[in-house]
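Spelled out, the chains give:
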Amino acid sequence: SYEPKEVQDPCQPRPWSNPETLGQIANQFTISALDGAACQLGVSRETLAQALATPEARERFTERYNITDEKLAKAIRAGLVRAVDDAEEAGALSPLLAAPLRETLRRIPLEQAIEIINDAQGLLGDVEGFLGPASDILEQLLPGPGLFE
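Conventions and cut-offs
- Residues numbered from 1 in each chain as written.
- Predicted model: local features only at pLDDT ≥ 70, side-chain atom pairs only at ≥ 80, totals over all residues.
- Heavy atoms only, no water.
- Helix = DSSP H or I, 4+ residues; strand = E, 2+ residues; numbered from the N terminus.
- Disulfide = S-S within 2.5 Å.
- Buried < 20%, exposed > 50% of the residue type's maximum accessible area, 1.4 Å probe, protein only.
- Salt bridge = Lys/Arg side-chain N within 4 Å of Asp/Glu carboxyl O.
- pLDDT = per-residue confidence, 0-100.
- Contact = heavy atoms within 4.5 Å.
- Axes fitted to C-alpha atoms, helices over the stretch in contact; angles between N-to-C directions.
- Parallel < 35°, antiparallel > 145°, perpendicular 65-115°, else oblique.
- Left-handed = near helix turned anticlockwise from the far one by under 90°.
- Nonpolar A, V, L, I, M, F, W, Y, C, P; charged D, E, K, R; others polar.
- Core = buried A, V, L, I, M, F, W, Y, C linked by side-chain atoms within 4.5 Å.

The next point concerns the overall build of the protein chain. Helix and strand counts for the protein chain come out as eight helices and zero strands. Across the protein chain, helices and strands are ordered from the amino to the carboxyl terminus as α-α-α-α-α-α-α-α.

This brings us to the state of the cysteines. In this structure the tally under the stated criterion is one disulfide. Note on cysteine connectivity: cysteine 11 is disulfide-linked to cysteine 39, with sulfurs 2.0 Å apart. The chirality of the disulfide connecting cysteine 11 with cysteine 39 is right-handed, given an S-S dihedral of about 105 degrees. Of this pair, cysteine 11 sits in the segment before helix H1 (22-41) while cysteine 39 sits in helix H1, and the two are 28 residues apart along the sequence. Given the relative accessible area of 26%, cysteine 39 is considered partly exposed.

Tallied over the entire structure, the rule returns nine salt bridges. Aspartate 85 is the partner of arginine 102 in a salt bridge, and the nearest nitrogen-oxygen pair spans 2.6 Å. On the criterion of sequence distance, the pair formed by arginine 102 in helix H5 (residues 95-105) and aspartate 85 in helix H4 (residues 69-89) is long-range, its members being 17 residues apart. The network of salt bridges with common partners includes Arg14, Asp35, Arg45 and Glu46.

Averaged over every residue, the pLDDT of the protein chain is 82; the share at 70 or more is 80%. Of the regions scoring below 50 in pLDDT, residues 137-149 engages in 26 contacts with residues more than four places distant in sequence or in other chains.

With that out of the way, let us pick up the packing of H4 against helix H6 (residues 110-118). The contact between H4 and H6 brings their axes to 9 Å, and the two run at 40 degrees. Relative to H6, the element H4 lies oblique. As H4 packs across H6, the resulting crossing turns out to be left-handed. Only Leu110, Ala113, Ile114, Ile116 and Ile117 of H6 make contact with H4, whose side of the interface consists of Asp69, Leu72, Ala73, Ile76, Arg77 and Leu80. Class assignment for the residues of the contact of H4 with H6 results in nine nonpolar, no polar and two charged.

Counting 39 residues, the largest nonpolar core has Phe29, Leu48, Ile76, Leu80 and Leu105 as the members making the most contacts within it. For this core, the elements supplying multiple residues, two or more each, are H1, helix H2 (45-51), H4, H5, H6 and helix H7 (120-131). Setting aside residues no more than four positions away along its own chain, leucine 48 makes contact with Leu34, Ala37, Ala38, Leu41, Val43, Phe61 and Leu72.

What follows is the structure, encoded as C-alpha cells:
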C-alpha cells in the first residue's frame, strides 16, 4: 500500500547536492529559502509553498495561522538569507556575491521576497546578467565551482 513520505523538519539543515546548472542551483535555493521561512513560522515547507502560490492562498494561510504580513515578510527574508548562506557554504554562490545579496534580501518588500522564492532562477540569472563580463573574471579569481558555471 502507498505510504506518504514523512514531511521533513524545515529547521534541520538539508544538504545541497552538487548543483551544476543555474536551474539546479535555483531549485535548491528555493527549497532552502522555504525551509528557513517555514522554520521561522512553525509550519512545513510544503504548507508554506502552497500558501505562497497565489494571493488567495496566502490570505487563507495568514488567517489560519494568525500570521501578520510583517511576520510573514520577516520569515521569508530570513529564509532567503538562509538560502544564500547554504548556497555559499555549498560552493554554489561566490562569497563576493553572497554578502551584498544577503544585505539586499534583508530589506526587500514582502511581494518581492515571495517573487524570489517563486522564481529563484530569475534572481540568480539577474545577478549573473548584472555582472555581465565581470562574472567570468570573478569565476577565475574564486576557487572551486561557482554560481555561473
